[in-house]
Structure formats: structure tokens, C-alpha cells
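Analysis of the macromolecular model
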Amino acid sequence: MTRTFLGMPATAPPGVGHLRGDEPFPAAARRALSDAQLRRNLGHATATIRARSGAVIDEVPDWPQLRAAARAVKTDTMARLPELLEQLETAVTRAGGTVHWAADAVEANRIVTDLVRAAGADRVMKVKSMATQEIGLNEALAAAGIEPVETDLAELIVQLGDDRPSHILVPAIHRNRAEIREIFLRAMPGVDPTISDEPAALAAAARRHLRETFLSTRVAVSGANFAVAETGALAVVESEGNGRMCLTLPETLITVMGIEKVVPTWRDLEIFLQLLPRASTGERMNPYTSMWTGVTPGDGPQAFHLVLLDNGRSAVLADPVGRQALHCIRCSACLNVCPVYERTGGHAYGSVYPGPIGAVLSPQLTGVDDNASLPYASTLCGACYDACPVMIDIPSILVHLRGQAPHPRAEATAMAAAAYTMDHPALYAAAQRAAKLSRLAGPRGRGLPPPLSGWTASRDLPEPPAETFRQWWADR
Amino acid sequence: MRVALFVTCLADTMVPQAAVATVRLLERLGHEVVFPEDQTCCGQMHVNTGYPDDALRLVRRHVRVFAPYDVVVAPSGSCVGSVRHQHAMVARRAGDERLAVRAEDVASRTYELSEFLVDVLGVTDVGAYYPHRVTYHPTCHSLRMLRVGDRPLRLLRAVRGLDLVELPEAEQCCGFGGTFAVKNADTSTAMLADKMRNVLTTRADVCTAGDASCLMHIGGGLSRLRAGVRTVHLAEILASTEAEPAGGAVATMPGVPCRPDAPNPGGTR
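This one's a predicted model, so the numbers in the text were calculated from it and none came from an experiment. (Residues numbered from 1 in each chain as written. Chains lettered and ligands numbered in written order. Predicted model: local features only at pLDDT ≥ 70, side-chain atom pairs only at ≥ 80, totals over all residues. Heavy atoms only, no water.)

For chain B, the helix and strand inventory stands at 14 helices and eight strands. Relative to the globule expectation of 18 Å for 269 residues, the C-alpha radius of gyration of chain B, 18 Å, shows essentially globular dimensions. Here chain B holds 269 residues, and the buried ones make up 63% of them. The long-range share in chain B, meaning contacts at least 24 apart out of those at least 6 apart in sequence, stands at 79%. Element-wise, carbon and sulfur atoms account for 49% of the exposed surface of chain B, whose accessible area totals about 9,400 Å². Positive and negative side-chain charges of chain B, numbering 29 and 29 respectively, have mean locations separated by a distance of 3 Å. (Helix = DSSP H or I, 4+ residues; strand = E, 2+ residues; numbered from the N terminus. Rg over C-alpha atoms; globule rule 2.2 N^0.38 Å. Buried < 20%, exposed > 50% of the residue type's maximum accessible area, 1.4 Å probe, protein only. Contact = heavy atoms within 4.5 Å. Areas by Shrake-Rupley, 256 points an atom, 1.4 Å probe, with all protein chains shown as cover. Lys, Arg positive; Asp, Glu negative; His and termini not counted. Charge placed at Lys NZ, Arg CZ, Asp CG, Glu CD.)

Quick look at the domain arrangement of chain B now. Residue and element names in this part refer to chain B. Split into domains, chain B comes out as domain 1 (2-119) and domain 2 (124-239). For domain 1 and domain 2, the distance between their C-alpha centroids amounts to 22 Å. Listed as interface residues are 28 residues of domain 1 and, on the opposing side, 26 residues of domain 2. Where domain 1 meets domain 2, there are one salt bridge. Put simply, Arg151 and Asp119 hold a salt bridge, and the shortest N to O gap is 2.8 Å. Elements represented by at least two residues in the side of domain 1 that touches domain 2 include exactly helix H2 (16-28), helix H3 (44-49), helix H5 (77-85) and helix H8 (113-120). At seven residues, H5 tops the list of elements feeding residues into the side of domain 1 that touches domain 2. (Domains from an automatic or database assignment. Salt bridge = Lys/Arg side-chain N within 4 Å of Asp/Glu carboxyl O.)

Residues and elements named next belong to chain A. The interhelical angle for the contact between helix H16 (residues 355-366) and helix H18 (residues 394-402), taken along N-to-C directions, is 40°, at an axis separation of 9 Å. Overall, the two elements H16 and H18 adopt an arrangement that is oblique. For the pair H16 and H18, the crossing hand works out as left-handed. On the side of H16, the interface is formed by Pro356, Ile357, Ala359, Val360, Pro363 and Gln364, while H18 contributes Ile394, Ile397, Leu398 and Leu401. Of the residues contributing to the contact of H16 with H18, the split by class is nine nonpolar, one polar and no charged. (Axes fitted to C-alpha atoms, helices over the stretch in contact; angles between N-to-C directions. Parallel < 35°, antiparallel > 145°, perpendicular 65-115°, else oblique. Left-handed = near helix turned anticlockwise from the far one by under 90°. Nonpolar A, V, L, I, M, F, W, Y, C, P; charged D, E, K, R; others polar.)

All names here are of chain A. Topologically, Thr213 is positioned in helix H10 (residues 199-216). Assessed through its relative accessible area of 4%, Thr213 is described here as buried. Remark: the alpha-carbon pair of Thr213 and Gly17, spanning 196 residues in sequence, is separated by 25 Å. The contact partners of Thr213, leaving out residues within four places of it in the chain, are Arg123, Met125 and Val149.

On to the sheet that holds strand S3 (residues 147-150) of chain A. Consider a sheet: its strands pair through backbone hydrogen bonds, and that pairing is either parallel or antiparallel. All names here are of chain A. Within the open sheet, the six strands sit side by side as S1-S10-S7-S4-S2-S3. Their pairing is parallel. Since the sheet does not close on itself, it has two edges, and those belong to strand S1 (98-102) and S3, each with one partner. Mean inter-strand twist for the sheet, computed between neighbouring axes without regard to direction, equals 25°. With four bridges joining them, strand S2 (residues 123-126) and S3 adopt parallel strand pairing. Across the sheet, residue Met125 finds its bridge partner in S3, namely Val149. (Pairing = 2+ DSSP bridges.)

Residue and element names in this part refer to chain A. Relative to the assigned elements, Asn109 resides in helix H5 (residues 105-118). Overall, Asn109 belongs to the buried group, its relative accessible area being 6%. Reaching out from Asn109, the side chain makes a polar contact with the backbone oxygen of Ile135 at a distance of 2.9 Å. Ignoring sequence-local partners within four residues, the contact set of Asn109 consists of Val16, Ile135, Gly136, Leu137 and Ala140. (Polar contact = N/O pair within 3.5 Å; in protein donor to acceptor, adjacent residues only side chain to side chain.)

What follows deals with the UniProt feature "domain: Cysteine-rich" (unreviewed entry) in chain B. The UniProt feature table records "domain: Cysteine-rich" (unreviewed entry) at residues 3-82 and 134-218 of chain B. In this annotation, residues 134-218 of chain B is assigned 48% helix and 12% strand; the end-to-end C-alpha distance for the span is 14 Å. (UniProt positions renumbered as here; feature names shortened; annotations may be inferred.)

Taken together, the contact pairs 70 residues of chain B with 61 residues of chain A. Counting each side, the surface lost to burial between chain B and chain A is near 5,800 Å², with a carbon and sulfur contribution of 57%. Inspection of the chain B/chain A interface yields 10 salt bridges. For the salt bridge of Asp460 of chain A with Arg224 of chain B, the shortest nitrogen-to-oxygen distance reads 2.5 Å. (Buried area = accessible area lost by both parts, 1.4 Å probe.)

Residues and elements named next belong to chain A. In terms of residue burial, strand S7 (residues 252-258) counts as a mostly covered element, since seven of its seven residues are buried. Pairing of strand S4 (residues 219-222) with S7 involves four bridges; the strand directions are parallel. Counted as the bridge partner of Ala220 is Leu253 from S7. Sheet topology places S7 next to strand S10 (residues 303-309); seven bridges connect them, and they run parallel. Within S10, the position partnered with Gly258 by the bridge is Leu309.

Okay, the sheet that holds strand S5 (residues 133-136) of chain B next. All names here are of chain B. In space, the four strands of this open sheet follow the order S6-S5-S7-S8, with parallel pairing throughout. Edge positions in the sheet fall to strand S6 (163-165) and strand S8 (230-233), since each has one partner strand and no second. For this sheet the average axis-to-axis angle between neighbouring strands, irrespective of direction, equals 35°. Judged from the four bridges that link them, strand S7 (residues 206-209) and S8 form a sheet pairing that is parallel. Each bridged residue has a counterpart across the sheet, and for Cys207 the counterpart in S8 is Thr231. Against the sheet, helix H13 (residues 212-225) contacts S7 and S8, and its axis sits at roughly 170° relative to S8.

Below, the structure is given as C-alpha cells:
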């Protein structure tokens, strides 16, 4: 660590990376909701993934036990994270790799940029990686005159479209194939102008475009799904084989990994490699699972660098309720079952981490004040908790973070007054009698003031009853 | 059995017919219902909106009021969920371990209505009569916080005259979420529109659930559409008999005729 530790761990710095949106969730959601194409694309895609995932999960008789085991491993890992990270550092170093510690996004970007420059490269190929999206690595590299090329098909679509990813697993979920064809025609060099919007044709065009990159680029940047402390092995799981190309072809491999991705032992992988594909893509096993340990002379990358990224994670770890958000294995199951995500899409969350896990992870990484609307971007329906393969109790964390969020003064006053009234039954009964909501609300509640008018814009308030229950009870 | 009614503030104030029905039903089944009049609100709204300190006094009140009773029953999955999953948490957060233990004790004796009927009383046929086409919305907190499972459906299937029709995408949230409906009104409305479309495809004339709050939300939307579908609390259906048929609907405008051919609400978003 290059920083002097001065008390509480720091949150992710503003001005770099993609953890903060430009506007609060309700405003961003309103715009997304008005995009009918987006609603259709998302509804179709999430329903398809939900059905496929549900079917393959039903095949596994010990799914509950697997989830419980995963949670146990993660809880243990978080309880002794510093020790495991040091063990990982020792093992990676022993295997010929170099470990770098990055306190935040700024530091991580500088480390990677310096490594690429030292390798004499002006272009890097990238495996899809949430961590590098989080820190805005592509922007940092571009600013240093280095061209980053995304090799995951969906991530490439996002990059060529000058767009932002909107889903953890399917970054271009908000696009349909007609829109993707348009992006390719506009931004992919040498694409056949008569290309159809058939998925196979689009994939073939991307493959032709990427092949040149794979064979001519000397440095690759990856994320990591897992790192094994006892052996120093890193693992990336992906579906297209592009990751394997990036992990084996270049001379220099730089992996940027959030510190929470470490698992204690090789054996622990058996749990996560069963859970992840079924929960995320609805596949029985992952198409490409690549693992590497340091360097092997004459085979694969000859230089390997592991950048261990904090960027607010230590701050999350310091919160006994919130820290389980660090258990996340980025499967995106919670996004695919979330009714809020399904209707508003990923961009509304303003962070690279959208959906329910984003609503708890982003405010913790940045500090709740910087993402104060996100903990409220949920009805607390609990579908995310049921779907999470590592059993993160997202609704409880949301409620916990709401308790830390800054509150509008008027709301806080009203809540305190309501609590006081409800703690005095005579006052409460008097308020019930006096309030006669019909008079306050007008016909069908249409006369309510903001923010309550948001309710009555589309719903009628019920007819206020002639008497409350307690009046009925007293009179019977 | 002597049963303490936890009426919930919403039912008490806005939907008393659900609470009245709960009383009538339990008395018809031969139980004594008592109403501890010092009760007000479980504090869920405060907890879920981010005011656990304000909620603490309500948790303290709730625990004090209900501690003397062996069995507490509420016609609300959501409020029972709060008692079971939030009260001890609020107490511990405030460092009051003694209150937390008492809260857990009260929670262990607190039941949502369908749980109480099926698990404690062991009945699924409560002798009800309700000659209507009904669809059931399994509210999120009943479904996932309490895991009431098919208990409400088993109760409904035993109601004479009732034609139970399955609700498509039943397990999707209706978009209420307490203050979510105010803080994220547009998203809430979009979720409600899909829920209403699914309700209308069933051609049911009644949509029921175990939570007055979600029914108020769905019923408020259906009323605005003049869809002609009523929302009725599960307790009202179970309390209904041939001699004493169920009364009014929850959250619908009076006098709106039933229109099974109501237009698809998707177009009105």
C-alpha cells in the first residue's frame, strides 16, 4: 500500500470510473421507462434467461446445500481477507507473477498504464471485466494514448456503439440485433455493407474483426472471477473463447481483480463453478473456464501482473451488515429476476453495477451520500435474495443502507411525527378520526400534494371507510 | 383459543372490512378474539424508509402490547414479516438485547391469517361460500418473507362456489413496496400496469391477496382504469357465507359495473 492508513478505510474516489450516475435513480428510470424498445428488449431477454436458469437449477438436487456452502466459504474468506490476500501474493510471486496493490481506481489505472507502457505497447486487448469497467480503465488507457480493444462480443458492441454496459453479464442486453447491425455498419472497420441481422452473421463479422487483434496485440488485460490463495491460480469463466485467446496469446498479461475475489483453496472452486453458470447464463457448465498460475517459460504470457484493487472494498468490509455484498460472484441472477431492473434497465442505476446487487454495492463503494437514491430503487420484493446463488440478503442490506442515507428534511419530520403519534394511541385514534383522508385527498385522491401526487397520478385512493376498525370494535 | 388481533394500521384506518372479516371468521370457527387497543403500527414503514430510530419506539410498543398473548394473528403478510424479520433487528441495532429477545418471543407467536388457519388450527375448509371468479396474487412478503406457500390457495380451493383462476406471472411484484410507490412512482406504475394486465387476462371479477396494502395499490390502479375488477382481502372471502355474504370491495370505486371485457391496460401506460 502506498497510502498511509488514517482511520476508516476510504471509499472509491469521485471523478474516475463508473460507480456514480449523473442523476438520481427516479429521474434516470423515468427516461428509461419511456423507451418502449428498451422495455421490449429487456423484458424479452430477462424472461428468457430466467426461464433457462430456473430449468437447469431445478435439475440440481443439492442446490440449497451448494448455496449454503458458497455462503460459508465467502463468510470465512471475508473474515480473514488480509491473511488470504497475503497468501495469494506469496503464491503468485512464487509462480513468477508480480503483485501490485491498488488502493483505488486512480492508482489501479496508473499501475496498468505504466505496465503497458513498459511493455512498449500502444494497444491492449481486453477480456470483459467488471473491475476494469468500475475503474474506467479504458478511458484512462485512451488518455495515455493506448487503444483498448474489448474482445467479448457484447462488450465490443457497447464499445463500438460508444455506449455503456447495462447488465453485468450481458452488457448489450438493451440492444436488439437490428440495433447491433446498425452499430457494426457504423463503427466496425471493413464490415460487409450487406450484412444481415442474423446472430450468426453478426458473430462472424465480430470474429473477423477480432482475429487481427488477437494475433497482433502483445498485451492483454483481464479481470478474474476467482483467485486461489493457496496456489496463486487465477480463473476466468466466459462463453465465447475470446477470453482464452487473451489469456494465452499475448506476451504480457495484466489482471485487475477486486480483493474480494479470492477463495481460500482450490477445492472451493468446485462449489462456485457449479453455481455460477446455472445461476447466470442458465448453462450446466461454463463453456470456457481458463485457469493460470504465474508464468511458464516458453508457453503463454511471459510476464504476469496481478493488480489487487480495493477502491472502497475495505470500507464495505468494515460494515458488518453490508459486507456480504462482497460475496457477489457477478452472476447477474438478481438482475434477471428484479422487476425494477426489468423495467428500467441498467443505465438507470448510474453505475457499472446495476440491478439489486448494484443498489447495495455501488452506494457502499462510493459512500451512501453519493448514491443515495439507489437503496430505494427496490420494492423489497425479495426475488433477488431467492435467486442469489451465494445467498446475499440484498433486501436487508437495502434497508440497512436506507438507514444511513441522507433524508429529505420534510420526510424526516413527517416520519418522526408519525412515530410519535403512533406511540400515543389516543393521539393516533384522534388523528384517524380527524384526518378524513377524503377531504385531504379530494376525489379519488387526485388533490394530494407532491410527492404523494406520484401515487395518485395513476391510482385511485380507496374510499375512506365510514369508521375505522377500532371504532367498529368499540361500538360492537 | 384466545387470539389477539394485530389489526395493522393500514387495515385499521383504510381497510377495516378486512379486519372485521378476520374477527368474524375466527369467531365463527369458535375462537375468542381480543383486540389490544393500545396497538398502533408495527413500524415497518419507518424501518423500510430508513428510519430505524423512529421505528424503535413502535417496536417497543408492539412488543409490550402483544407480549401477554399466546397467539397473535394479523391479516397481513407484510406486517407479520416485519414483526418476524425486523423487530429484533431494530432492537439489536439500538443495542437493546433484552427487547430483541422479547421481540423474537412475540414474533414466534405471531401468525399471518392463512398460516394460522392451516398450521395452527389445521383447517383448510373454513365453511365459506363465495360465488365469484377469483384470482390470487401472492404478495411478495407473504411469498418470500413468510413462505406461506400454497396455504391461501388451499383455503380458497375449499370455498364453495368459488372459481379459482391462476394469475399469470403471479410471483412478480405489483410495484407497491410501501414508499417505493411514492419515491419511484413511475417505475411502480409500470410494474402495476403489467400486474393489472395479468389480472385482466384471467377474466376474474375478484383479485384477492393476504395484504391490504398491495390490494390497495392494485385496486387503485384497476379503479382508475374502471376495469370492473374488484380487489377483496382473503379474509373477506373466507368470512363470507351464504347467510352472511361478503360486503364491499377494497379500494374500488362504488357503483362501477363489472366489465370482463375491459381493455388491456398496457396501452394506457
